[in-house]
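Each chain, written out:
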Number of protein chains: 2
Amino acid sequence: MVMGRRRPGSYVCGVDAAMDVIGGKWKVLILWALAVRPHRFGELRRELHGVTEKVLAAHLRELEADGIVHREEYDEVPPHVEYSLTPKGVTLNAALEPLGVWGQRNVLASATAGEVGEDDDVALITRGA
Amino acid sequence: MVMGRRRPGSYVCGVDAAMDVIGGKWKVLILWALAVRPHRFGELRRELHGVTEKVLAAHLRELEADGIVHREEYDEVPPHVEYSLTPKGVTLNAALEPLGVWGQRNVLASATAGEVGEDDDVALITRGA
DNA sequence: CTGTATCCCACACGATACTG
DNA sequence: CAGTATCGTGTGGGATACAG
């Protein structure tokens, strides 16, 4: 889904405010990748299979502007840039975890199997591959 | 932001699977409204200030197809329809709460005030108006 | 290696009118 | 009241080429 960024405006509640920050096709995947470890631009491009350089760069700029990711540039040749989560990004990631569990149990699971028991322990693979 | 629904495909993780369900400009607001109490079509239209009938109807149909909302039609004159959350919708709403708290503290608060303390009790106004 | 610069387009959303 | 039918549009994102 694409919802237009309405930055200028006032949000109705905290959820849609947060949705504005993570509302990009690849943003949660970027968050997830950076939660594992810092990544270089090329690493992200390879791990987010299908993203174009233009869009990846744009998303990273936005996440940086929102204080979610930190961009560290090493002045070397060849160029070397590392992206990592800021403390704020870490908290966002944590806030996303329940949603990940929900999606895992209510979308992914039901898409492949029949129904899902109530006590399946999916918590350990929260955002599962 | 609007991210295109990629229903046909396989999701990379639970989060973007869930994002597909709530990925509509008004969906979280619908969820929120229905969490308070069941609503009629016209009530939703009035509470979600700015939504058009077409889009509201489309979102409700998608949420219904995803098993998030229940549509109860009373065969009367004039027509009477009530939308409410399914148990699955309730769990989704619950999974959204941490994100709401995050947005409240990291987007809404910082937009109006300076910085936010760590222990402010915003938990009680989770999805706050 | 880490990006910009263009061009293009599908599609989510909006506006308006109409119907059972 | 509770929606459909049509038409128009903004923009997020894809493809490709080029640059520091």
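Keep in mind the model is a prediction, meaning the values are calculated, not measured.

### A word on the overall build of chain A
Part 1 of the argument: Looking only at helices and strands, chain A features 5 helices and 3 strands.
Part 2 of the argument: Helices and strands appear in chain A in the N-to-C order α-α-β-α-α-β-β-α.
Part 3 of the argument: Contacts in chain A between residues at least 24 apart in sequence constitute 42% of all its contacts with a sequence separation of at least 6.
Part 4 of the argument: Here chain A displays about 6,600 Å² of accessible surface, and carbon together with sulfur accounts for 55% of that area.

### Concerning the sheet that holds strand β1 (residues 39-40) of chain B
Residues and elements named next belong to chain B.
Part 1 of the argument: One open sheet holds the 3 strands; their spatial order is β1-β3-β2, and the pairing between them is antiparallel. The sheet is open, and its two edges are formed by β1 and β2 (69-74), each paired on a single side.
Part 2 of the argument: Packed on one face of the sheet, helix α2 (residues 27-36) meets β1, β2 and β3 (80-85) and runs near 100° to β3.

### A closer look at the protein's contact with DNA strand C
Part 1 of the argument: Near DNA strand C there are 24 residues, and of these Gly42(A), Arg71(A), Tyr83(A), Lys25(B) and Lys54(B) occur at the shortest range.
Part 2 of the argument: For DNA strand C, the fraction of atoms within 4 Å of the protein that belong to sugar or phosphate moieties is 62%.
Part 3 of the argument: Within the side chain of Glu53(A), a nitrogen or oxygen atom sits 3.1 Å from a base oxygen of DNA strand C.
Part 4 of the argument: Here Lys25(B) contributes a backbone N or O atom positioned 2.7 Å from a phosphate oxygen of DNA strand C.
Part 5 of the argument: Elements supplying a minimum of two residues to the surface near DNA strand C: α3 (41-47), α4 (53-65) and β3 (80-85) of chain A together with α4 (53-65) of chain B.

### Some remarks on the environment of Ala111(A)
Residue and element names in this part refer to chain A.
Part 1 of the argument: Relative to the assigned elements, alanine 111 resides in helix α5 (residues 87-112).
Part 2 of the argument: Alanine 111 sits in the exposed class, given a relative accessible area of 62%.
Part 3 of the argument: Along the primary structure alanine 111 and proline 79 are separated by 32 residues, whereas in three dimensions their C-alpha atoms are 43 Å apart.

### Looking at α4(B)
Residue and element names in this part refer to chain B.
Part 1 of the argument: An ideal rise of 1.5 Å per residue puts 18 Å on 13 residues; α4 measures up with 18 Å between its terminal C-alpha atoms.
Part 2 of the argument: All of the buried residues in α4 are Leu56, His59, Leu60 and Leu63. Taken down its axis, α4 places every buried residue within 100° of arc, on the same side. Every exposed residue of α4 that faces more than 90 degrees away from the buried side is listed here: Lys54, Arg61 and Ala65.
Part 3 of the argument: Looking at the buried side of α4, the elements it contacts are α1 (14-22), α2, α3 (41-47), β2 and β3.
Part 4 of the argument: Immediately downstream of α4, the backbone of glycine 67 shows phi near 75°, a positive value.

Conventions and cut-offs
Position numbers for residues count from 1 along each chain, tracking the sequence in the order it is written. Key to labels: chains lettered from A, ligands numbered from 1, both in the order written. For a predicted model such as this one, the threshold for reporting local features is a pLDDT of at least 70, and the threshold for listing and counting side-chain atom pairs is 80 or more; totals across whole chains, interfaces and linings nevertheless cover every residue. Each side-chain value is worked out from all heavy atoms of the structure, with water and hydrogens disregarded. Going along the chain from the N terminus, every DSSP run of H or I of four or more residues is numbered as a helix, and every run of E of two or more is numbered as a strand. Residue contacts follow a heavy-atom distance rule, with two residues in contact if any of their heavy atoms lie within 4.5 Å. All accessibility values rest on the Shrake-Rupley procedure with a 1.4 Å probe; residue burial counts only the protein chains present in the view. Any two strands between which DSSP finds at least two bridges are classified as paired. All axes are obtained by fitting lines to C-alpha atoms, using only the stretch in contact for helices, and the reported angles, taken between N-to-C directions, cover 0 to 180 degrees. In these notes, residues near a molecule or strand are those with any non-hydrogen atom within 4 Å of it. Whenever two N or O atoms come within 3.5 Å, that pair is a polar contact, provided that in protein one can donate a hydrogen and the other can accept it, and provided that, for residues adjacent in sequence, both atoms are side-chain atoms. When a residue's accessible area, from a 1.4 Å probe over protein chains only, is under 20% of the maximum for its type it is buried; when over 50% it is exposed; and in between it is partly exposed. To estimate the expected span of a helix, count its residues, drop one, and scale the result by 1.5 Å. The arc in question is the one spanned by the directions pointing from the helix axis to the C-beta atoms.

All we've got here are geometric facts, nothing functional implied.
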